[in-house]
Structures are given as C-alpha cells and as structure tokens.
Amino acid sequence: MGRFILRRSLQSVFSLLALVVFVFVLARLAGSPADLFLPPDATDEARQQFDIRYGFDDPIAVQFLHFVGGLLRLDFGESIQFGRPALDVVLEAFPTTLALAAITMPIVVAVSLVAGSLAAARPGRLFDRLAAIMSLVGASTPNFWVAIVGVIVFAVTLRILPTSGTGSAAHWVLPVAVLCLRPVGVLVQVVRTSMLAALSSAYVKTARARGVSPRAIVFVHALRNAMLPVISVATDQAAGLVNGAVIVETVFGFPGVGKLMIDSVLLRDFAVIQAAVLVTALAVFLINIIADIAYALVDPRIRYS
C-alpha cells in the first residue's frame, strides 16, 4: 500500500505541473489587472509602477519562472485585492469550503445507501419507482437553478431561512441541501444497481436458505460487497463538491474558496487564482488517495502491486 501511494503521488506531480502551466496562461488571457485597479485616466507612469510592483512588467516566460520558483517555496505572490500573501488568503477561505463538503458528504452517503438498498430489496415496487424518479430529477437539475429557487421560496417568500451568510446553523441549510441534491441522485442509482447484483449472488441465496433476516441480508451481507463501485462514484462526487461549491458559495454568499476564486477572476487577481486552483487540486488528490485506501479496507482481496 505504501508503494502504491508513493507511485500515485509521483504520477500526480505531472498532472499538477500541467495544471500550473494551464492556470498561469489562462489567467493572463483575461487582460491586465491595472485596467481594474487603476482609474481610467491613470497615466502610463502609474501603470508602469503598478506592473513593476506586481511583476507584470517582465516577459511572460520570466513571470512563469518567477511563479515556479515561488511555488517551490510555497509563495504564490501578493494578492492585489487584499494586499497579503495569496496563500494566506486562500487558506483562510478553504476551511469554509471543506466544512461545507464535510457536512454534505456524510448526508449524501447515508441517504444514498439507505434509499438505494431499500429500492434494490424490492425492485419494481412503489418505493423503487419513487427513488428512480427522485434520483433522476436530482441528478439532472442544475445547482444554480435550485439555489435560486430555494432562496426565492424559503428565504424571500416563506422567510424561514436566511438568504446568505454563515452566521448560524440556519445559514447552512440551503447550501447543504442544494449540494446534496445531485450527488444523492447519482449515488442512489449506483447503490441500487450494485445491490441488485449483490442480492442475486450465490452467498445471498445461501444466507436466505439459512434463515438470515432480510435486513441483515441487505445491510450486512450484500451492502459490503456492493460498496466498491459506490466508493468510486462517491469519491468523484466528493471531489465535485469541492469544485462545485463555487456556484453554491456565490449564490449564498459563503466566504469559501469558491466565491474567492470567482471574485479573483473578476478582479484579475492572478496570485489568488493560482493559489486557489492548486490548493483545490491538492485536496482532490488527497480525496482520491483516501478512496484507494478505502478500497483495500472494504475488500481485502484487492492488492496493489
């Protein structure tokens, strides 16, 4: 297992290097930050001083070399909008996004496992049909539309939930509910399909012949053997929560890394954009490593060579 994790880490270095080049070039296609942070009538001298201060006066190749050199020291440069190191700004916002994902994902997994298992236990029945319809709706509905409708219905019309912010537990209800919708829709179908295969296997038929209770057959014998594809898809959905929080944080005014990234793109704060993307990429990489470890824990037959 140790060798496998080391090999996966080395492979991820190449992906991160490609991401570094991509983000660096793409961010600068938006134009010069001086156009936004300086008045329209700013003199050429003022623009030149601005570029010198933030290193934009050098050629692109030189800027990239400075960026890579700073990256090796974990120095992403200074944020233009905050006047502080970009990495500090991102690390202050990232815990909010992680908390949002950490609250959402256990709810997603619990609801999906129960609903998918019960649907597979009685295929074709009323609950199975309802679960299929609701999962299809959840997987197909855009997050931004659900978020806006949620604000209009529960915050503006009914006035039972706040529109934005993070002041109390009530502020987290709508963002968590919106983030849960799509992953639950996807995972319920995955759990149901995997459980149908597990429930039709020989060891389940043997357990039924021995008089094992239906609940134990579904949630003990079959569920564990059906978990591998569920873990794989749940990992992708967890990574999607970290990335997809951009929309939810923007709509609900959450001070997380997603909203920070959008604000930085609009203000052309290159240092914060680069820091936010790379920190998020590292978080996704760690999620994938955790999933690989979970494979071996769930199924001891798996061996990584």
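Definitions and cut-offs
Residues numbered from 1 in each chain as written. Predicted model: local features only at pLDDT ≥ 70, side-chain atom pairs only at ≥ 80, totals over all residues. Heavy atoms only, no water. Phe/Tyr/Trp six-rings, centres within 6.5 Å; stacked < 30°, edge-to-face > 60°. Buried < 20%, exposed > 50% of the residue type's maximum accessible area, 1.4 Å probe, protein only. Helix = DSSP H or I, 4+ residues; strand = E, 2+ residues; numbered from the N terminus. Lys NZ or Arg CZ within 6 Å of the ring centre and 35° of its normal. Salt bridge = Lys/Arg side-chain N within 4 Å of Asp/Glu carboxyl O. Axes fitted to C-alpha atoms, helices over the stretch in contact; angles between N-to-C directions. Parallel < 35°, antiparallel > 145°, perpendicular 65-115°, else oblique. Contact = heavy atoms within 4.5 Å. Nonpolar A, V, L, I, M, F, W, Y, C, P; charged D, E, K, R; others polar.

(A) Seen up close, the packing of aromatic side chains. Scanning the model with the defined rule gives 8 aromatic pairs in all. Ring geometry for Y54 against F56: centres 6.3 Å apart, planes inclined by 25 degrees, an arrangement best described as stacked. Accessibility classification places Y54 together with F56 in one group, the buried group. With centroids separated by 4.9 Å and ring planes inclined at 85 degrees, the aromatic side chains of W172 and F254 adopt a geometry described as edge-to-face. On the criterion of sequence distance, the pair formed by W172 in the loop between helix 7 (143–157) and helix 8 (173–199) and F254 in the loop between helix 11 (227–252) and helix 12 (257–267) is long-range, its members being 82 residues apart. Judged by relative accessible area, which is 0%, F254 ranks as buried. A connected cluster of aromatic rings, assembled from ring pairs, spans F37, F50, Y54, F56 and F270. The lysine or arginine in question, R28, covers the ring of F24, its NZ or CZ lying 3.8 Å from the ring centre.

(B) Representation of unusual backbone geometry. The phi dihedral of R159 falls on the positive side, at around 60 degrees, and the residue is not glycine. For R268, which is not a glycine, the phi torsion comes out positive at approximately 55 degrees. Mapped onto the secondary structure, R268 falls in the loop between helix 12 and helix 13 (270–298). Residue R268 is classed as buried on the basis of its relative accessible area, which comes to 18%.

(C) Fine view of the pattern of salt bridges. Inspection of the entire model under this criterion finds 7 salt bridges. Measuring nitrogen to oxygen at the nearest pair gives 3.5 Å for the salt bridge that ties R53 to E78. In this pair, R53 sits in helix 3 (residues 44–54) while E78 sits in the loop between helix 4 (60–72) and helix 5 (86–121), placing the two residues 25 residues apart along the sequence. Looking at R53, the relative accessible area reads 59%, which means it is exposed. Notably, a salt bridge pairs E92 with R84, separated by 3.1 Å at the nearest N-O pair. Exposure remark for E92: the relative accessible area of 52% places this residue in the exposed category.

(D) Structural view of the packing of helix 5 against helix 10 (residues 214–225). Packing of helix 5 against helix 10 brings their axes to within 11 Å, and their N-to-C directions diverge by 100 degrees. For the element pair helix 5 / helix 10, the angle class is roughly perpendicular. Residues L113, V114, S117, L118 and A121 of helix 5 form the contact with helix 10, whose own contacting residues are V218, F219 and L223. Its residues placed into classes, the contact of helix 5 with helix 10 shows 7 nonpolar, 1 polar and no charged.

This is a description of form; function is not addressed.
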